[in-house]
Amino acid sequence: MIRKLKAGLFCTMAASVGLVAADAQSQYVSFLPHRDFATGGNNPSAVAVGDLNGDEIADLVVTNLNSNTVSVLLGRGDGDFEPARTFSVGCTSPQAVALGDFDSDGNPDAVVACSNTTNVAVLFGNGDGSFFSSQLVFAGNSPYAVVVDDFDLDGSDDIAVANRTGQGISVLLGRGDGSFLPARSYFGGMNPTSIASGSFTDKKSVDLVTSNQNSHDVSVFLGDGAGHFQTADNYPVGYGPRSVAVADFNNDGALDVVTANVFQDGIAILLGNGDGSFEWGVRIFRAGNSPAGVAVDDFNGDGVPDVAVGQGSGTTIAVMLGMGNGRFFPFEQFGASGTPASIAVGDFNEDKWPDLVVANSSSNTVSVLINDSGSGARSPGQLLRGATRFTSRRIGR
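Computed from a prediction, not measured in an experiment: that's the story for all the values here. (Residues numbered from 1 in each chain as written. Predicted model: local features only at pLDDT ≥ 70, side-chain atom pairs only at ≥ 80, totals over all residues. Heavy atoms only, no water.)

1. Brief notes about the sheet that holds strand E22 (residues 283-286)
Line of reasoning, step 1. Spatially, four strands are ordered E19-E20-E21-E22 in an open sheet, and the strand pairing comes out antiparallel. Because the sheet does not close on itself, it has two edges, and the strands there are strand E19 (241-247) and E22. Strand after strand, the sheet turns through a mean of 25 degrees between neighbouring axes, direction not considered.
Line of reasoning, step 2. Looking at chain direction, strand E21 (residues 266-270) and E22 are connected through four bridges and run antiparallel. Residue pairing for E22: Ile 267 is matched across the bridge by Phe 285. (Pairing = 2+ DSSP bridges. Helix = DSSP H or I, 4+ residues; strand = E, 2+ residues; numbered from the N terminus. Axes fitted to C-alpha atoms, helices over the stretch in contact; angles between N-to-C directions.)

Take a look at the structure:
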C-alpha cells in the first residue's frame, strides 16, 4: 500500500469553547512565504503527494487540465523540488489525481480523472518518478475526482470516482495485476466534484462521501467490506460544496465531514454519530473568498485536526485551527499564487511538520508553503508529532 500523510491527529481536549479559547498558544500557526514551482503544463487542476522514487522524500504529481499531461516534481527534502517532468495522460481534461499501487510491484502508480470523457487513466510507475505506460479504464460519465483505498479488503488498491454529470460514483475494484473489474455505479447528489474515503461506522469496512456542488449536499455511501455500497444518504451542507475531507473534529471517536463551500465563502462541518449517520444540522465557518480545495491535518501541533482551504478567486489560502469540539478559530490567510484551488499536505523539508502545496490554475505553478510553527510560540516538548504522522490512506477506527 502507498503511504501518505495522515489527515488528522487526535487527542483529548476540553470540550468547552471558553477553555480552549483561553489557550493562546493553541491558536498559533505560521507558514513561510510561498515558493512557486513551474509545472510545465497549462492550467494545473489538482496535486497529490507521495514518494514516487523510493527515497522517502515527499514528491508531487500535478494534473495539467489543458495540456492533457501530468507533471512530476521530485522533492529534495529541504522544501525544494527538481524541475518538473511531464508525461502524457492518454486522455483529455485530466481533472484530478490520486496515487496507489495497482499492479502490486511496490512502485507508486497514478490514477487520473479525465473529466470530458468516460474514463480514468491509470499510469504505472517505474519507481524512479517516471511512468512506463498508461491505460484507460471505463468509469462512467465525466470522472471529476478520484480516491484510492481497499474497498473489498483483499489487499489490492481500488478506485472510486465522482462522476460529475453522472450524478453519482463509480467503483473500480483492482485485481492487483493492474487490471480492474467492470465499474459499479451508485447514484448520489447532483454534480459531485470531490470524493473521500473513511470508516463512518464501527465496522472495518470502507465508506465513501462526495461533495455535490449543485444539490448543496454530501452523499454518504456505506460499504459492506466486499466492494459494494448501500444507497446513498444525502445531508445538506450549505451552498456549493466543492470539495470534501474527513476527520474527527469533535474528539468523540467518530469521523466527521468538512466541505469547502465555494458559493458560501465558508467551510461546513457535518458531525458523525459513529454508526454511519450524521447529525441533521451543519456548522458553517467563514473561510475567505470562494474556498475550493480542502485539506486536513494538525498544522499547529496541538493534536487537534485543522483545516486548510485554497481560495479559488484570489491568491491566498486560509488555515482554520480546530478547537477539538467541532468548532474553529477565525481563519488566517497565507499567500500563494494565481487561483489556488486544489490543496494537499506533505512534509517537504522533513521536519515532521505538515506543509502545504496548492495547484495554481492561472499561473501554471504549484505553491509550496513550509510550516514554520515550530519556530514560534510552541516548544517541541508541547507538540504531539513524529512518526505517527505517516499512516495508511484510510481514516477511522
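2. Comments concerning unusual backbone geometry
It is generally the case that most residues other than glycine have a negative phi and that most peptide bonds are trans.
Line of reasoning, step 1. With a phi close to 55 degrees, Asn 68 is a non-glycine residue in the positive phi region.
Line of reasoning, step 2. For His 216, which is not a glycine, the phi torsion comes out positive at approximately 60 degrees.
Line of reasoning, step 3. In this fold, His 216 is placed in the loop between strand E16 (207-212) and strand E17 (217-221).

3. Topic: the state of the cysteines
Line of reasoning, step 1. Overall, the coordinates contain one disulfide when judged by the stated rule.
Line of reasoning, step 2. The disulfide that involves Cys 91 links it to Cys 114, with 1.8 Å between the sulfurs. Residues Cys 91 and Cys 114 share a disulfide whose torsion about the S-S bond is about -60 degrees; that sign makes it left-handed. Of this pair, Cys 91 sits in the loop between strand E6 (85-88) and strand E7 (94-100) while Cys 114 sits in strand E8 (residues 109-114), placing them 23 residues apart in sequence.
Line of reasoning, step 3. Under the relative-accessibility criterion, Cys 91 is labelled buried at 9%. (Disulfide = S-S within 2.5 Å. Buried < 20%, exposed > 50% of the residue type's maximum accessible area, 1.4 Å probe, protein only.)

4. A closer look at the environment of Gln 95
Line of reasoning, step 1. The residue Gln 95 is located in strand E7 in this model.
Line of reasoning, step 2. With 51 residues separating them along the chain, Gln 95 and Val 146 place their C-alpha atoms 9.4 Å apart.
Line of reasoning, step 3. Excluding its chain neighbours within four sequence positions, the residues that come into contact with Gln 95 are Ser 45, Ala 46, Thr 63, Leu 65, Ala 113, Ser 115 and Tyr 144. (Contact = heavy atoms within 4.5 Å.)

5. Topic: the nonpolar core
Line of reasoning, step 1. Val 111 and Ile 159 are the most contacted members of the largest nonpolar core, which has 34 residues in total.
Line of reasoning, step 2. Of all the secondary structure elements, the ones that give two or more residues to this core are strand E3 (44-50), strand E5 (69-73), E7, E8, strand E9 (119-125), strand E10 (131-138), strand E11 (143-149) and strand E12 (158-163). (Core = buried A, V, L, I, M, F, W, Y, C linked by side-chain atoms within 4.5 Å.)

6. Side note on the pairing of strand E4 (residues 59-64)
A regular strand places its side chains on the two faces of the sheet in alternate fashion.
Line of reasoning, step 1. Burial of E4 is extensive: six of the six residues sit out of reach of the surface.
Line of reasoning, step 2. Across the two faces of E4 the burial is the same, with Asp 59, Val 61 and Thr 63 and Leu 60, Val 62 and Asn 64 all buried.
Line of reasoning, step 3. With six bridges connecting them, E3 and E4 associate as antiparallel partners. Bridge pairing in E4 places Val 47 opposite Val 62.
Line of reasoning, step 4. As judged from the five bridges shared by E4 and E5, these two strands associate in the antiparallel manner. By the bridge assignment, Val 62 is partnered in E5 with Ser 71.
Line of reasoning, step 5. Hairpin connection, E4 to E5: the antiparallel pair is bridged by four residues, and Asn 68 has positive phi, about 55 degrees.

7. A word on the side chain of Ser 71
Line of reasoning, step 1. Counting through the fold element by element, Ser 71 comes out in strand E5.
Line of reasoning, step 2. Residue classification places Ser 71 among the buried residues on the basis of a relative accessible area of 0%.
Line of reasoning, step 3. One polar contact links Ser 71 to Asn 64, side chain to side chain, over a distance of 2.8 Å.
Line of reasoning, step 4. Dropping the residues within four chain positions of it, Ser 71 is found in contact with Thr 39, Gly 41, Leu 60, Val 61, Val 62, Asn 64, Ala 84, Arg 85 and Thr 86. (Polar contact = N/O pair within 3.5 Å; in protein donor to acceptor, adjacent residues only side chain to side chain.)

8. So, the pattern of salt bridges
Line of reasoning, step 1. Inspection of every chain in the model, using the stated rule, returns four salt bridges.
Line of reasoning, step 2. Among the salt bridges present, the one from Arg 35 reaches Asp 80, with a minimum N-O distance of 3.6 Å. Linking Arg 35 in strand E2 (residues 35-38) with Asp 80 in the loop between E5 and E6, this pair joins segments that are 45 residues apart in sequence.
Line of reasoning, step 3. Take Asp 80: its relative accessible area is 16%, and that puts it in the buried class.
Line of reasoning, step 4. Of the charged contacts, one joins Asp 80 and Arg 76 as a salt bridge, the two residues approaching to 2.8 Å between their closest N and O atoms. (Salt bridge = Lys/Arg side-chain N within 4 Å of Asp/Glu carboxyl O.)

9. Here we look at the environment of Phe 87
Line of reasoning, step 1. Along the chain, Phe 87 falls in strand E6.
Line of reasoning, step 2. As for Phe 87 and Ser 133, which are separated by 46 residues in sequence, their C-alpha atoms are 9.8 Å apart.
Line of reasoning, step 3. Excluding its chain neighbours within four sequence positions, the residues that come into contact with Phe 87 are Asn 68, Thr 69, Val 70, Val 72, Gly 129, Ser 130 and Phe 131.

10. Structural notes on the sheet that holds E9
Line of reasoning, step 1. On the basis of which strands lie adjacent, the open sheet formed by four strands has the order E7-E8-E9-E10 and antiparallel pairing. Looking at strand neighbours, the two that pair on one side only are E7 and E10, the edges of this open sheet. Sheet twist, expressed as the average angle between the axes of neighbouring strands with direction ignored, equals 20 degrees.
Line of reasoning, step 2. The sheet contact formed by E7 and E8 spans six bridges and is antiparallel. When the bridges of E8 are listed, Leu 99 appears paired with Ala 110.

11. Thoughts on the packing of aromatic side chains
Line of reasoning, step 1. All told, the structure shown has 14 aromatic pairs when counted by the stated rule.
Line of reasoning, step 2. For the pair Tyr 235 and Phe 278, a centre-to-centre distance of 5.5 Å together with 70 degrees between the ring planes defines the contact as edge-to-face. In this pair, Tyr 235 sits in strand E18 (residues 233-236) while Phe 278 sits in the loop between E21 and E22, placing the two residues 43 residues apart along the sequence. With respect to burial, Tyr 235 and Phe 278 carry one shared label: buried.
Line of reasoning, step 3. An aromatic cluster is built from Phe 200, Tyr 235, Phe 278 and Trp 280, whose rings are joined through pairwise contacts.
Line of reasoning, step 4. Over the ring of Tyr 144 we find Arg 164; its NZ or CZ atom is 4.6 Å from the centre of that ring. (Phe/Tyr/Trp six-rings, centres within 6.5 Å; stacked < 30°, edge-to-face > 60°. Lys NZ or Arg CZ within 6 Å of the ring centre and 35° of its normal.)

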